[in-house]
Amino acid sequence: MNRSVLYWRAASFAVAAGFVGSWQLIADQRLVSPVFLPGPDRAWASLVRGFTSGDLLDKLLGTLEHMAYGWFVASIAGIALGAMIGSSRRMRSYVAPSLEFLRPLPVSAVIPVAIAMFGLTQSMALFVIAFGAIWPMLLATIHGFAAVEPRLYEVARSLHMSRLAIIFKIALPSASPDILAGMRLSVTVALILSVVCEILAGLDGLGHWVLLSARAFRSADLFAGVILLGVIGYLTALAMSMVEKRLLKWRSSGH
Amino acid sequence: MIPERIKALLLPIAILAILEIWARAVHLQSDSLAPPSAIAAALVEAFQDGSMLIATRDTLISAFAGLSIGGAVGLACGIALGIFPIFDRLMEVTIEAIRPIPSIALLPIALIALGFGYRMEITIVAFACVWPILILTRAAVGGIEPRLIEVSRALRLSPADRVRKIIIPAALPRIFLAFRLAAGIALIVAVTVEIAINPIGLGAAIMTAQQALRPDLMLAYLFWIGLIGYLLNTGLMVAQRHLFGRAALVGDSA
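Residues numbered from 1 in each chain as written. Chains lettered and ligands numbered in written order. Predicted model: local features only at pLDDT ≥ 70, side-chain atom pairs only at ≥ 80, totals over all residues.

Description of the overall build of chain A
Per the secondary structure count, chain A includes 11 helices and zero strands. Each helix and strand of chain A, ordered N terminal to C terminal, gives the series α-α-α-α-α-α-α-α-α-α-α. Relative to a compact globule of 255 residues, whose C-alpha radius of gyration would be 18 Å, chain A shows 23 Å and is clearly more extended. Judged by the C-alpha coordinates and their principal axes, chain A covers about 75 × 60 × 30 Å. The burial tally for chain A puts 42% of its 255 residues in the buried class. Contacts in chain A between residues far apart in sequence, at least 24 positions, make up 74% of those at least 6 positions apart. (Helix = DSSP H or I, 4+ residues; strand = E, 2+ residues; numbered from the N terminus. Rg over C-alpha atoms; globule rule 2.2 N^0.38 Å. Buried ≥ 20, exposed ≤ 12 C-beta atoms within 10 Å, placed from the backbone. Contact = placed C-beta atoms within 7 Å.)

Observations concerning the interface of chain B and chain A
Tallying the contact residues gives 46 residues for chain B and 45 residues for chain A. Those elements that provide at least two residues to the side of chain B that touches chain A are helix 1 (4-25), helix 4 (85-98), helix 5 (107-114), helix 8 (159-196), helix 9 (201-211) and helix 10 (215-244) of chain B. It is helix 10 of chain B that contributes the most residues to the side of chain B that touches chain A, nine residues altogether. For the side of chain B that touches chain A, a count of residues per class yields 33 nonpolar, eight polar and five charged. (Nonpolar A, V, L, I, M, F, W, Y, C, P; charged D, E, K, R; others polar.)

Brief notes about the environment of B:Ile69
Residue and element names in this part refer to chain B. Mapping Ile69 onto the fold places it in helix 3 (residues 51-83). A C-alpha to C-alpha distance of 20 Å links Ile69 and Val141, two positions 72 residues apart in sequence. Sequence-distant contacts of Ile69, defined by excluding residues within four places in its chain, comprise Ile122 and Ala126.

Concerning the packing of helix 5 of chain B against helix 6 (residues 118-142) of chain B
Residues and elements named next belong to chain B. With their axes 9 Å apart at the nearest point, helix 5 and helix 6 run at an angle of 145° to one another. Taken as a pair, helix 5 and helix 6 cross one another with a handedness that is right-handed. Along its contact with helix 5, which presents Leu107, Ala110, Leu111 and Leu114, the element helix 6 presents Arg119, Met120, Thr123 and Ile124. (Axes fitted to C-alpha atoms, helices over the stretch in contact; angles between N-to-C directions. Left-handed = near helix turned anticlockwise from the far one by under 90°.)

A few points about helix 7 (residues 146-154) of chain B
Within helix 7 of chain B, only zero of the nine residues are buried, leaving the element largely exposed. Once helix 7 of chain B ends, the next one or two residues include B:Arg156, with phi positive near 55°.

Some thoughts on the nonpolar core
As a rule of thumb, soluble globular proteins bury nonpolar side chains together. The biggest cluster of nonpolar side chains holds 140 residues, and the ones touching the most others in it are A:Val128, B:Val125, B:Ala186 and B:Tyr221. Per element, the largest residue contribution to this core is 19 residues, and it comes from helix 8 (residues 163-201) of chain A. (Core = buried A, V, L, I, M, F, W, Y, C linked by C-beta atoms within 7 Å.)

Quick notes on helix 7 (residues 150-158) of chain A
Among the nine residues that make up helix 7 of chain A, zero are buried, leaving the element largely open to the surroundings. Within two residues after helix 7 of chain A, A:His160 carries a phi angle of roughly 55°, on the positive side.

Describing the packing of helix 3 (residues 56-86) of chain A against helix 4 (residues 89-102) of chain A
Residue and element names in this part refer to chain A. Contact geometry of helix 3 with helix 4 gives a least axis separation of 7 Å together with a crossing angle of 125°. In terms of axis orientation, helix 3 runs oblique to helix 4. Contact residues: helix 3 offers Met84, Ile85 and Gly86, while helix 4 offers Met91, Arg92, Val95 and Ala96. For the contact of helix 3 with helix 4, the class distribution of residues is five nonpolar, one polar and one charged. (Parallel < 35°, antiparallel > 145°, perpendicular 65-115°, else oblique.)

Re unusual backbone geometry
We note that A:Phe217 has phi near 55°; this positive angle belongs to a residue other than glycine. Mapped onto the elements, A:Phe217 comes out in the loop between helix 9 (206-215) and helix 10 (219-247). Phi is positive for B:Arg156, close to 55°, though the residue is something other than glycine. Within the secondary structure, B:Arg156 is located in the loop between helix 7 and helix 8.

Observations concerning the confidence of the model for chain B
Residue and element names in this part refer to chain B. Mean pLDDT over chain B: 87, with 96% of residues reaching 70 or higher. The secondary-structure element of chain B with the lowest mean pLDDT is helix 1, recorded at 83, while helix 3 shows the highest, at 93. When the criterion is pLDDT under 50, residues 250-254 qualifies, and its contacts beyond four places in sequence or with other chains add up to two contacts. Confidence estimates for the predicted assembly give a pTM of 0.87 and an ipTM of 0.84. (pLDDT = per-residue confidence, 0-100.)

Shown next as structure tokens:
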């Protein structure tokens, strides 16, 4: 059983390698102009060159920094606000409908407002990324708090627990699957908004790098940047799902 | 007891009233904020001179064209992968390698290959829409009651008929859910591309308003974009409930 999984995985990698091979072939035969489509060899060479002698590492770190700060601020604010709104039925009925109205808003539409407030600065990027990444967490926390088994609250009342103790000992653990799912969604949002902000404000990062490469028609550098962004997206999603599995082990380990 | 519907309106009304009073009290001169009355006036003005309608049309055309193209590709691939598990296993690495690329990262590639305009925006929207539809369709087709497939075999339906008469109807509620999620993504990506670089549509209009130091017009566009997003989402949700009943909303967490 385990072996057959391995074989399938190998076959799947072979198919992917086949795609890269045909990409190389298309580029070599110049079916598409090399201005638009560099072969994987050139993209790889540009990636290696960027890391060894260029400033690609700085750009990568810049993007990761924007993402991490915005996401961190959003996580704390989202969970705190969500706990506040979710733990009181009155707050829920007054505030939640407004949040539901705001949820489908394309977040990037606040970028002009943020530019008007902060200028083309790091704080603008931080504000936009945090504002965008807060929604999944905020709504997930509210939902998680609202869905806590009511009997747990009854237990807490008969134990005379304080409101803070109820939040930390009952509501937060019980809402943690929702919150973690929200955090995973917002990592993706944070990455996309980081790239957009870097493109618009010329902040140091991969977004700026790919735009400059495109403007100068350096397609190999451009593809190297896009590949790196894909790697960031893949690794952050992978890390989040591993953390999620780890933290939620208690749920499957029986009661 | 105040009815729920009115409770929901109290907060926005209070915020608007406070903003209006405060803006008048301090004779607000700002590049980023404007009193709600001025925003409403700018909204009406933009509707009257037609600029709002043209921008809305451009954005919606790009979003829906991208949704149709990306949706068709995602649907076809999703059904194929769902019917043939071999195919699914072989494509796994390829799909997992391409899917995490943020759609907006393709913007510079689309820009040098296609230039400014509809085509570039539609391409990016289509790329973003393929994935949710592909993944959810694959799951929906894979989760079809095996007996339905047995029935189709017993009836000796041709493969095309099997897809048309058994698989698509059985998976339709979840496919519609996928389309609803993708429609939201399409609008978001379209506006984002316009704000970042493409000089058409609502995104470009809101950037122009900001650069022209017209906070009232900028916030009017922001409100309008939010309203479109809300109406799109609500409309599709109502359609979903109407077409498939409440059962269709089970497992809908996003």
